[in-house]
Every structure is written in C-alpha cells, then in structure tokens.
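Given next are the chains, with one letter for each unit.
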Amino acid sequence: MTGVMIQLSPRGKIIYQFLSLTVFLLLLYGVGFTLSALSLLPEPPLADAISAAATEQFSARVFNLLCLTGFISAGLMMAGESLSDREAARVLRAWYALVALAAVLSPFEFGLLLDGVTALALLIILLKSGGAAGSSFKRIWRLSLLLIAASLPAAHIAPSAMGPALVAFQRQAAFALGALSIVFWLMPRYSAVGREKALESLPIAALLLLLGGSLISLGRIPLPALIGLGATPLIILSYIILANHLARSLRDRHENASLATHWIALAALCWLAGAGVLGALLIQSDIGGALADTDISAAQDWLGDWCIAAVVLAFINETATSLRGDNRRVTGYVPLWLIAFGVGSSFIAQLCRGVAQFYLREFGADAPLSEAELLLPITVVWLIGLLVVATGIVVYALGYFARRPKIRVVER
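Residues numbered from 1 in each chain as written. Predicted model: local features only at pLDDT ≥ 70, side-chain atom pairs only at ≥ 80, totals over all residues. Heavy atoms only, no water.

## Here's the deal with the packing of aromatic side chains
The geometry of an aromatic ring pair comes down to the distance between the two centres and the angle between the two planes.
Next up, step 1: Enumeration according to the criterion identifies 11 aromatic pairs in this entry.
Next up, step 2: Their ring planes at 75° and their centres at 5.0 Å tell us that Tyr-29 and Phe-33 sit as a pair that is edge-to-face. Of this pair, Tyr-29 and Phe-33 both sit in helix H1 (residues 10-38), separated by 4 residues, roughly a single helical turn.
Next up, step 3: By relative accessible area, Phe-33 is classed as buried at 6%.
Next up, step 4: With a centroid separation of 5.5 Å and 80° between ring planes, the pair formed by Phe-358 and Tyr-359 is classed as edge-to-face.
Next up, step 5: Taken together through their ring pairs, the aromatic side chains of Tyr-29, Phe-33, Phe-63, Trp-302 and Trp-306 make up a single cluster.
Next up, step 6: Over the ring of Phe-175 we find Arg-171; its NZ or CZ atom is 5.2 Å from the centre of that ring. (Phe/Tyr/Trp six-rings, centres within 6.5 Å; stacked < 30°, edge-to-face > 60°. Helix = DSSP H or I, 4+ residues; strand = E, 2+ residues; numbered from the N terminus. Buried < 20%, exposed > 50% of the residue type's maximum accessible area, 1.4 Å probe, protein only. Lys NZ or Arg CZ within 6 Å of the ring centre and 35° of its normal.)

## Remarks on the pairing of strand E1 (residues 5-8)
Next up, step 1: Burial along E1 is one-sided: Ile-6 and Leu-8 are buried, while Met-5 and Gln-7, pointing the other way, are not.
Next up, step 2: In the sheet, E1 pairs with strand E2 (residues 406-409) via 4 bridges, with the strands oriented parallel. Residue pairing in the sheet places Met-5 in a bridge with Lys-406 of E2. (Pairing = 2+ DSSP bridges.)

## So, the pattern of salt bridges
Next up, step 1: All told, the structure shown has 5 salt bridges when counted by the stated rule.
Next up, step 2: For Asp-295, the salt bridge goes to Arg-353, with nearest N and O atoms at 2.7 Å. Taken together, the residues Asp-295 in helix H11 (residues 295-324) and Arg-353 in helix H12 (residues 333-363) connect sequence positions 58 residues apart. The burial state of Asp-295 is the same as that of Arg-353; both residues are buried. (Salt bridge = Lys/Arg side-chain N within 4 Å of Asp/Glu carboxyl O.)

## Section: the packing of H12 against helix H14 (residues 376-402)
Next up, step 1: Running from N to C, H12 and H14 cross one another at 160°; their axes reach a closest spacing of 7 Å. Relative to H14, the element H12 lies roughly antiparallel. Every pair of crossing elements has a handedness; the one defined by H12 and H14 is left-handed. (Axes fitted to C-alpha atoms, helices over the stretch in contact; angles between N-to-C directions. Parallel < 35°, antiparallel > 145°, perpendicular 65-115°, else oblique. Left-handed = near helix turned anticlockwise from the far one by under 90°.)

Here you go:
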C-alpha cells in the first residue's frame, strides 16, 4: 500500500496526521510499560540509568496523550463543518507542541505542571468545538473532555486519601466516556445499527458507565460494608447492560474489513472483566482494604487502560479505511491477537502476583528471600505477557505505517 496516492481535503489530512501521531504514541507507551515492568525484577537491568518512578510516570503520561490524541481526532470527525480547517490546523500544531513538551518532561517531577497545561489545552479545544448543541455523540465527547480536564490537576492537589479514587475516576469514568462516545459514533459505520438507534442508546449507556465507573472509583476509598454490598449489584448490572448494547452492534455487523469490530469486542471484554467483575469484588471494604497495596488494583487499571486503548485503535482502523476510500484492512489480525492474548495473560499473571503479595505480607514475614525474589516466577510470566503486547504494538505500527498512503490535498 506504500506509495499509493489518495486525495483528501485539508481536514482529512489533519485527521490522518492525528491518527499517525496516535500510533507513534502507542509505540512510546509500549516502551514505557515494558521498562516500568522491568523495574520490578529483583535486579532491574536499567536501574542505574532509569528509575522506576521515572518510567512509571513516562508510561502514564504517554498513555494519557495517546488516548487524548485519539479523542481529539474523533472530535474533529464529529464536529464536521462547525470547526474550520484553519482552526483544526491550529489545534494540530498546538497539540504537537504539547506532546513534545510532555514526552520530554514526563520522566521528571513536573506532573502538576504538565497535567495543568493539558487540562488548559482541553478546555480551549472544548471552547473551539462549539457549544453544547449537537448530537449525543458530541455531547458525551465534550463531557468526557471536561471531566478529564477537571480530574487531571485535581489528582495532584486533592488530599492523599482521595488521590487513588481520582486516578481511578479518570480511567473508569472520564476517559471511558470518551471511548464510549467513539464506539457509538462508529456503530453505524461497522454494523447494521443505524445512527438514530445509536443516538438513542448512547445516553443510557453513558449513564450506566458513569454510574459504574464512579462506584468503582469510590471503592479505592474505605467504604462502610453496607454501601459496598449495595454497590456490588449496581456495578455488575451496569457493565452487563453496557456489554449488551455493544454486543448488539457486534452481532449485526455488515461487511466492514477494518477490524474495528474486533477491537471493540476486546474493549467490551475488558470492561466486563476489569470493571464489572473485579470492580464489584474490590468495592467490598474488607476485600478492597486487604488488597489495596497489591497488584490486583494495578491489574484492574491495566484492563481499564486497554478498554480505552482498544477503542482508540478501532477508531484508527475505521477512520483510516474511510479516508483511503476503500474497504481494506489498515492493520492485520496478527497485532490484534498478540495484543488480546498479551493483555489477557498479563492481567491473569498480575492478579496472581497480587494474591501472592497479600499472602506473603500476611503470613510470610519470616521468609528468607525478598518479596521480589519470591514473586520472580510469576513476574517472569507477567513480563512475557507484556512483551507479547509490546510485540503486537510494534506489528500494529509497522502495518499502519507500511500502508500509509501519500496524501494530495484538494481544496473543497
């Protein structure tokens, strides 16, 4: 596909540039989470060169930028003619500058500054994208960006007890709402679900996701046992109904070769397992409190991240196919299966690490080896899963850039 010439409007070229930036950030994210996981080995190979905190900060920051870049490109598609080509070009240039600044400063202690600048940029984009009028797709998208802009700096300045809840809210509610708006916007493009039906179902699904995500976030704070018991069925029902909305479009899909449906199916499975099942378990005060400092919460965050990332990858595949004007795959099945298998296996291994951590801290105080040494076999399995994910990311990026066409801009 390399070397094929396609004609796009100035807006189309800008959107394609956003897609390419998203894929580049996906590569950086793969590097970030791999280096962060290596720091958990008993003798980290890069301990003298890179600190564990720096790699973790870098990975988290790049992931945020990856998701937000995908969200902004989706917002440009939803905005249509309400945003001029000149304004869209300004957004692209400003976002390039922000991404470059954040990538350079992420390993250092500039978290509040970078999140504050990102929040300000999101608020400006919201102002440029028009008022509250528009379709439900756009309204939920705008609500997502507003919640992200509010929660990013709030996680730094909130009391320490509220910090984990705010971080969880970002993933389970704020970012997840943006991903949900993209899923329903894509539905008429990959399935027999019409635009009117998608517009009708989105507010219900968004309300369920916001309810379930908010309850999961509150689970990071010790809650009375009665509240935890009452929240459990609400969380489970919220994500089961949400999965049912997504399954309807996956069952009735038409001949769309972009693999967007496959990525959305992966997102639905991650929502069910990470948010629905694990969220209902961890909101119990006794269980959540006992496992708070283990890798089980991190495993839930890992699946929560891939709910959002899988939707962004679905958007990239479908939008690139539409801009090229053909019905051919942008990336193949290999990265899909590698990432799906790697995400699932690393999630299970991280759960096992969390359970082992709990038992070691409760009953293994007199163990002759350190915790990192005792957990090494499980950690190696976890690292293998992460390497499979990283390999899938590399294959995805190679496939995307190998099929990236030459663009000839045609004024409308």
